[in-house]
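Close look at the chain arrangement
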Number of protein chains: 2
Amino acid sequence: MYKETQTIRAIQDSLRDQDNSAFLKIINQTHHADLAEIFQNLNELQKKLFISKSGANRFAKVISELPNTIIEETLEKFNDPDLSIILDNLSDDDRVDIIQDVSCALKNKLLDLLEPKDIEITKSLLNYGEDTAGGRMTTSFGNVGQNLTVKEALDILRESQSNSETLARVYVTNSQGELVGRLRIRDLAFNNWDTPVREIYRPCKHTILATADQEEAALMFSKYDLIVLPVIDEQNKLLGIITYDDALEIIEEESTEDIERMAGMTGDTSEQTYLNTTLTTHFKRRFPWLLGLAFLAIASGFVMLQFEQLLSELFILALFLPMVVAAGGNTGGQASTMVIRAMALGELNHGTTLRVVWKELRLGILLGSLLGACMALTTIFITPLIYPDLPNSISFPKLGIAVAIALTAQITTSTLVGSLLPIGARKAKIDPAVIAAPAITTIVDVSGMIIYFITAKIIIF
Amino acid sequence: MYKETQTIRAIQDSLRDQDNSAFLKIINQTHHADLAEIFQNLNELQKKLFISKSGANRFAKVISELPNTIIEETLEKFNDPDLSIILDNLSDDDRVDIIQDVSCALKNKLLDLLEPKDIEITKSLLNYGEDTAGGRMTTSFGNVGQNLTVKEALDILRESQSNSETLARVYVTNSQGELVGRLRIRDLAFNNWDTPVREIYRPCKHTILATADQEEAALMFSKYDLIVLPVIDEQNKLLGIITYDDALEIIEEESTEDIERMAGMTGDTSEQTYLNTTLTTHFKRRFPWLLGLAFLAIASGFVMLQFEQLLSELFILALFLPMVVAAGGNTGGQASTMVIRAMALGELNHGTTLRVVWKELRLGILLGSLLGACMALTTIFITPLIYPDLPNSISFPKLGIAVAIALTAQITTSTLVGSLLPIGARKAKIDPAVIAAPAITTIVDVSGMIIYFITAKIIIF
């Protein structure tokens, strides 16, 4: 943190003093991820100076680290020849990411500015959905034919070195471009130069189809500790690779998306950051859920209206009403969170539904009865101090028992609803994270009101 | 999925038929992460057979992939000599992870069973906290002195190959063991054998102190796209490395922990999975929050009691009460989720509090007034159909305006509470995720009741 503040200040000083050599010295020493962070904190004038002094060539790496929301406005500060240079200097997966995320007009302009050599590959990558393995892959990777010797393979790799995103894994293909195996540089370095590649490559155990979901790719990285995952088509032709840093990014994105859906937010998270997201976008992502939930919540109010008579006869019931209702929301929220997270991490597969139900049912009864007992004691011993006068024929123990029974019923219902709704959502091909805390809270609010008033009516009168 | 079910069945068949060669063939072909998953789904008898047939040597890799909750019971199935073999076959970071997570009795037993060569390194790694960079690192890495030639370096690395977790990065140290730089195998492979290492190594830009938090290490991996991060002490002495697969694991763990805290669950997540966690553990993690929140919710009931008079005069107010209260919980939950996640991803640093407040304040007013307008219209046009008879001198438009104003006030308050409480928590060194949706919902329930009844009283009467 301290070091970063220092770097920002040094960059700002060098821009103000027009000290080019100081400026270039700092940006050459600073990682492009740090430069992207610093760039976002500059004012408009400083941003313009930063761009003109660093030049399109150097700025390409910085732009790939900027959040989506400000990429478009940043690109608009460049003239066409500079945009060409930037596009040329981006790795092909970053290039496609950027083109996918800008407005349609800018997208077409950028496609026109591509270098001839990049056109075909960029267009073919754009055909894959943004959230698929193909949409994430890069086509720059170490690739050698199976008929070469170690020496020939090393020569090819040395030349392709600067164009390959990583040489941590080198892939071996046959003359049809089909994937036959993989090598590590050390397999080449530790072997004799005249050994044929076909004698030393190993089989590729893990591959992914270009059309598969990016989340599936990320789960494979974390399960098998992969560093590179080759992407193939249905004919086993090697199309590209996904690297471990993409997997990190996918996992962060997907977790953020789940967390936000669970809190009732719509839309795509992508790489937007909180502060860089506009007020309108924040508004659009939150409002639809709020409106829907508000109408649902009126159902709770409608239930209350039906029990006007009961409440007017025994208004002390109001003291425990919010508690019984809220306890359902809280337990339902806990249950749904556990289940949704377990599904996201690939744990709950088909056939485990019954085990989940059995677990949550027992847990609901356990949590409900213990919480019910605590609240019965509170009712019996503490309520008389706040609200001493009950109508005739009604006693505090009776009230306590009603509260305890209602609480047990409400919590048991809620854990079941909370765990089953996300599983049901997945079966209906809806993202389970959408059926999370807010929706469940509002649903069990209604059931809680009904359970509470009916229990009270039966037990007390 | 399909393939996995097939493998499970094949393993079960070979165990039932006592067909050793078929069994060994399958487990040699299957990744240890898959074997760990399959093992968990076997019954007790099958588990025993699996262990005895695979042998301690092969089982070491499987055990490192099992969830913490079943590691202890699995280790107890082995005799002491086999435990020694397992410990010897684990990488040093996995060994320490396991020893840290078992009961005290088993921990002491395992420490006694360590091979003499592993004792010192294991005990020194155990000194670092489980959630620190030191607690995550491995001490098996490629390391060469700066005075060697390329040929000598390659010879050393070839020999240490099997003991190194990764050779993706090789670290160069001076005679005091201080980190001076790094190499990739390709730098050695692409250079002449007599080139001195000191001429080709590069500086190490990113390092982490052994005492730093593991989350800091994970953020560095994702920001700088690292593959290996060297861990040093305060004297710049190289102690070990953290690899990209640890970073993936840390990010998954920390996201799960945040998600669970946000839903009001206590305790440590670690590597436990939903189905493998016992009922008692689930209960213990959920109950404390539920109990605390239940007592807090009684405060809402207490507010209702104070407005008994108002409610009895104008019971239609009950129709909108749950809606106004819940809207606060929902917006507060959204705001806190956005802020907590932005903090977890390292976005909100000191000095951004005012920007967050300003954003959420405007957003709260915007969301509140628009939702208020929708609900005012609902009150004016739809309520008369449900509840036509209002007391004299009270009109539906008046009621609608009261609902709209209360809703705007409640939502604005809630977005502010929802965004400021997590920031305040962090300032007070409390995990912000703890002050998430459930706590905020319950707090703004109370404020919502007060706001609603007071607004209604002022506007309507």
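1. Overview of the overall build of chain A
Helix and strand counts for chain A come out as 22 helices and 6 strands. Against the 2.2 N^0.38 benchmark of 23 Å for 461 residues, chain A shows a C-alpha radius of gyration of 30 Å, more extended than a compact globule. Along the longest, intermediate and shortest principal axes, the C-alpha atoms of chain A span 100 × 60 × 40 Å. The buried share among the 461 residues of chain A stands at 56%. When contacts within chain A are restricted to residue pairs at least 6 apart in sequence, those whose partners lie at least 24 apart make up 67%. As displayed, chain A offers around 19200 Å² of accessible surface, 54% of which is attributable to carbon and sulfur atoms. If you average the places of the 40 positive and of the 57 negative side-chain charges in chain A, the two averages end up 4 Å apart.

2. Quick word on the packing of aromatic side chains
Scanning the model with the defined rule gives 17 aromatic pairs over all chains in all. Ring centres of Phe39(B) and Phe59(B) lie 5.1 Å apart, and the angle between their planes is 70°; on these two criteria the pair is classed as edge-to-face. Taken together, the residues span a long stretch of sequence, with Phe39(B) in helix H3 (residues 32–40) and Phe59(B) in helix H4 (residues 44–63) at a distance of 20 residues. In this structure, Phe39(B) and Phe59(B) share a single accessibility class: buried. Counting every residue linked through ring pairs, the aromatic cluster contains Phe23(A), Phe39(A), Phe50(A), Phe59(A) and Phe78(A). In this structure, Lys47(A) is placed above the aromatic ring of Phe39(A), and the distance from its NZ or CZ to the ring centre is 5.7 Å. Across from the ring centre of Trp193(A), 5.1 Å away, lies the NZ or CZ of Lys151(A), which sits over that ring.

3. Some words on a negative patch on the surface
The grouping of Asp101(B), Glu130(B), Asp131(B), Asp213(B) and Glu216(B) at the surface amounts to a negative patch. Relative to the helices and strands, Glu216(B) resides in helix H14 (residues 214–224).

4. Overview of the pattern of salt bridges
One side chain can pair with another of opposite charge once the charged atoms of both are near each other. A full pass over the atoms with the stated rule returns 33 salt bridges over all chains. For Asp34(A), the salt bridge is made with Lys223(B), and the minimal N-O distance between the two is 2.5 Å. With one member in each of two chains, Asp34(A) in helix H3 (residues 32–40) and Lys223(B) in helix H14 form a pair that bridges those chains. Taken together, the shared-partner salt bridges connect Asp88(A), Arg95(A), Lys117(A) and Asp118(A) into one network.

5. So, the sheet that holds strand S5 (residues 228–232) of chain A
All names here are of chain A. Ordered by their spatial adjacency, 3 strands build an open sheet running S4-S5-S6, and the pairing between neighbours is mixed. The open sheet has two edge strands with one neighbour each: strand S4 (208–209) and strand S6 (238–243). Helix-sheet contacts for helix H14 (residues 214–224) involve S4, S5 and S6, and the interaxial angle to S5 is about 145°.

6. Here's the deal with the nonpolar core
Ranked by size, the top nonpolar core spans 100 residues in total, and within it Ile11(A), Phe50(A) and Leu75(A) carry the most contacts. A total of 7 residues in this core trace back to one element, the largest contributor, which is helix H4 (residues 44–63) of chain A. Not counting residues up to four positions away in its chain, the partners in contact with Leu75(A) are Ile63(A), Leu83(A), Ile98(A), Val102(A), Leu106(A) and Leu110(A). By size, the runner-up hydrophobic cluster in this structure holds 92 residues, among which are Met323(A), Phe287(B), Ala406(B) and Ala456(B).

7. Digging into the side chain of Asp445(A)
With respect to the element layout, Asp445(A) can be found in helix H22 (residues 437–460). Notably, Asp445(A) is buried but unbridged: the nearest opposite-charge side chain belongs to Arg286(B), and the N-O separation is 17 Å. What Asp445(A) contacts, discounting residues up to four positions off in sequence, is Ser300(A) and Val325(A).

8. Comments concerning the domain arrangement of chain A
When its domains are assigned, chain A resolves into domain 1 (2–127), domain 2 (143–250) and domain 3 (279–460). If you average the C-alpha positions of domain 1 of chain A and of domain 2 of chain A, the two centres end up 30 Å apart.

9. Some remarks on the relation of the copies chain A and chain B
Overlay of chain A on chain B (RMSD 0.1 Å): rotation 180°, translation along the axis 0.0 Å. Such values leave the two copies arranged in the relation of a two-fold axis. Among all residues of chain A, the minimum C-alpha distance to the rotation axis is found for Ala189(A), at 2.7 Å. Looking at chain A, 100% of its interface residues are interface residues in chain B too, so the copies touch through the same face.

10. Here we look at the interface of chain A and chain B
Facing the 111 residues of chain A at the interface are 111 residues of chain B. When chain A packs against chain B, the two sides together hide about 10400 Å² of surface, and 71% of this comes from carbon and sulfur. At the surface where chain A touches chain B, the tally comes to 6 salt bridges. Note that Glu360(A) and Arg286(B) form a salt bridge whose closest N and O atoms lie 3.0 Å from each other. Linking chain A with chain B are 17 residue pairs in polar contact (both at pLDDT 80 or more). Looking at the side of chain A that touches chain B element by element, the count peaks at 19 residues for helix H16 (residues 279–306) of chain A. Its residues assigned to classes, the side of chain A that touches chain B shows 66 nonpolar, 24 polar and 21 charged.

11. A word on unusual backbone geometry
Residues and elements named next belong to chain A. A positive phi angle is found at glutamine 18, which is not glycine, with a value near 55°. Locating glutamine 18 in the fold gives a position in the loop between helix H1 (2–16) and helix H2 (20–29). Note on glutamine 18: relative accessible area 53%, which makes it exposed. The phi torsion at aspartate 225 lies on the positive side, around 50°, for a residue other than glycine. The residue aspartate 225 is located in the loop between H14 and S5 in this model.

12. A word on the sheet that holds strand S4 (residues 208–209) of chain B
Residues and elements named next belong to chain B. Taken together, 3 strands build an open sheet; the order of strands is S4-S5-S6 and the sheet is mixed. A strand with exactly one partner marks an edge of an open sheet, and here the two such strands are S4 and strand S6 (238–243). Pairing of S4 with strand S5 (residues 228–232), which is carried by 2 bridges, proceeds in the parallel orientation. Considered in S5, the bridge of isoleucine 208 is made with valine 231. Against the sheet, H14 engages S4, S5 and S6, with an angle of about 145° to S5.

13. Regarding the environment of Thr74(B)
Residues and elements named next belong to chain B. Structurally, the position occupied by threonine 74 is in helix H5 (residues 68–75). For threonine 74, a relative accessible area of 2% translates into the label buried. Measuring from C-alpha to C-alpha, the distance between threonine 74 and valine 228 comes to 31 Å, with 154 residues separating the pair along the chain. If near-sequence neighbours (up to four positions away) are discounted, threonine 74 is found in contact with Phe39, Ile51, Phe59, Ile63 and Leu66.

14. So, helix H21 (residues 396–427) of chain A
With 32 residues, H21(A) extends 46 Å between its outermost C-alpha atoms, agreeing within 8% with the 46 Å of an ideal straight helix rising 1.5 Å per residue. The positive-phi residue at the C-terminal boundary of H21(A) is Lys429(A), with phi of around 60°.

15. Observations concerning the packing of helix H18 (residues 317–344) of chain B against helix H19 (residues 353–381) of chain B
All names here are of chain B. The N-to-C vectors of H18 and H19 enclose an angle of 155°; their axes lie 12 Å apart at closest approach. The pairing of H18 with H19 is recorded here as roughly antiparallel in orientation. The handedness of the crossing between H18 and H19 is right-handed. Only Val356, Glu360, Leu367, Leu371, Met375 and Thr379 of H19 make contact with H18, whose side of the interface consists of Phe320, Met323, Ala327, Thr331, Ala335 and Val339. Of the residues assigned to the contact of H18 with H19, the class counts are 9 nonpolar, 2 polar and 1 charged.

16. Re H3(A)
Buried residues dominate H3(A), accounting for 7 of its 9 residues. What H3(A) keeps buried is the set His32(A), Ala33(A), Asp34(A), Leu35(A), Ala36(A), Ile38(A) and Phe39(A).

17. Some remarks on the packing of helix H19 (residues 353–381) of chain A against helix H16 (residues 279–306) of chain B
Close contact between H19(A) and H16(B) brings their axes to 10 Å; oriented N to C, the two are set at 35°. The crossing of H19(A) and H16(B) is right-handed. Residue-level contacts link Lys359(A), Glu360(A), Arg362(A), Leu363(A), Leu366(A), Leu367(A), Leu370(A), Leu371(A), Cys374(A), Met375(A) and Thr378(A) of H19(A) to Leu279(B), His282(B), Phe283(B), Arg286(B), Phe287(B), Leu290(B), Leu291(B), Ala294(B), Phe295(B) and Ile298(B) of H16(B). Of the residues belonging to the contact of H19(A) with H16(B), the class tally is 15 nonpolar, 2 polar and 4 charged.

18. Structural notes on the environment of Phe287(B)
Relative to the assigned elements, Phe287(B) resides in helix H16. Looking at Phe287(B), the relative accessible area reads 11%, which means it is buried. Beyond its immediate chain neighbours, meaning those up to four positions away, Phe287(B) contacts Leu367(A), Leu370(A), Leu371(A) and Cys374(A).

The rules we used
- Residues numbered from 1 in each chain as written.
- Chains lettered and ligands numbered in written order.
- Predicted model: local features only at pLDDT ≥ 70, side-chain atom pairs only at ≥ 80, totals over all residues.
- Heavy atoms only, no water.
- Helix = DSSP H or I, 4+ residues; strand = E, 2+ residues; numbered from the N terminus.
- Rg over C-alpha atoms; globule rule 2.2 N^0.38 Å.
- Buried < 20%, exposed > 50% of the residue type's maximum accessible area, 1.4 Å probe, protein only.
- Contact = heavy atoms within 4.5 Å.
- Areas by Shrake-Rupley, 256 points an atom, 1.4 Å probe, with all protein chains shown as cover.
- Lys, Arg positive; Asp, Glu negative; His and termini not counted.
- Charge placed at Lys NZ, Arg CZ, Asp CG, Glu CD.
- Phe/Tyr/Trp six-rings, centres within 6.5 Å; stacked < 30°, edge-to-face > 60°.
- Lys NZ or Arg CZ within 6 Å of the ring centre and 35° of its normal.
- Patch = residues over 30% accessible without salt bridge, like charges linked within 9 Å, V, L, I, M, F, W, Y side chains within 5 Å.
- Salt bridge = Lys/Arg side-chain N within 4 Å of Asp/Glu carboxyl O.
- Pairing = 2+ DSSP bridges.
- Axes fitted to C-alpha atoms, helices over the stretch in contact; angles between N-to-C directions.
- Core = buried A, V, L, I, M, F, W, Y, C linked by side-chain atoms within 4.5 Å.
- Domains from an automatic or database assignment.
- Least-squares fit on C-alpha atoms with pLDDT ≥ 70 in both.
- Buried area = accessible area lost by both parts, 1.4 Å probe.
- Polar contact = N/O pair within 3.5 Å; in protein donor to acceptor, adjacent residues only side chain to side chain.
- Nonpolar A, V, L, I, M, F, W, Y, C, P; charged D, E, K, R; others polar.
- Expected span 1.5 Å × (residues − 1).
- Parallel < 35°, antiparallel > 145°, perpendicular 65-115°, else oblique.
- Left-handed = near helix turned anticlockwise from the far one by under 90°.

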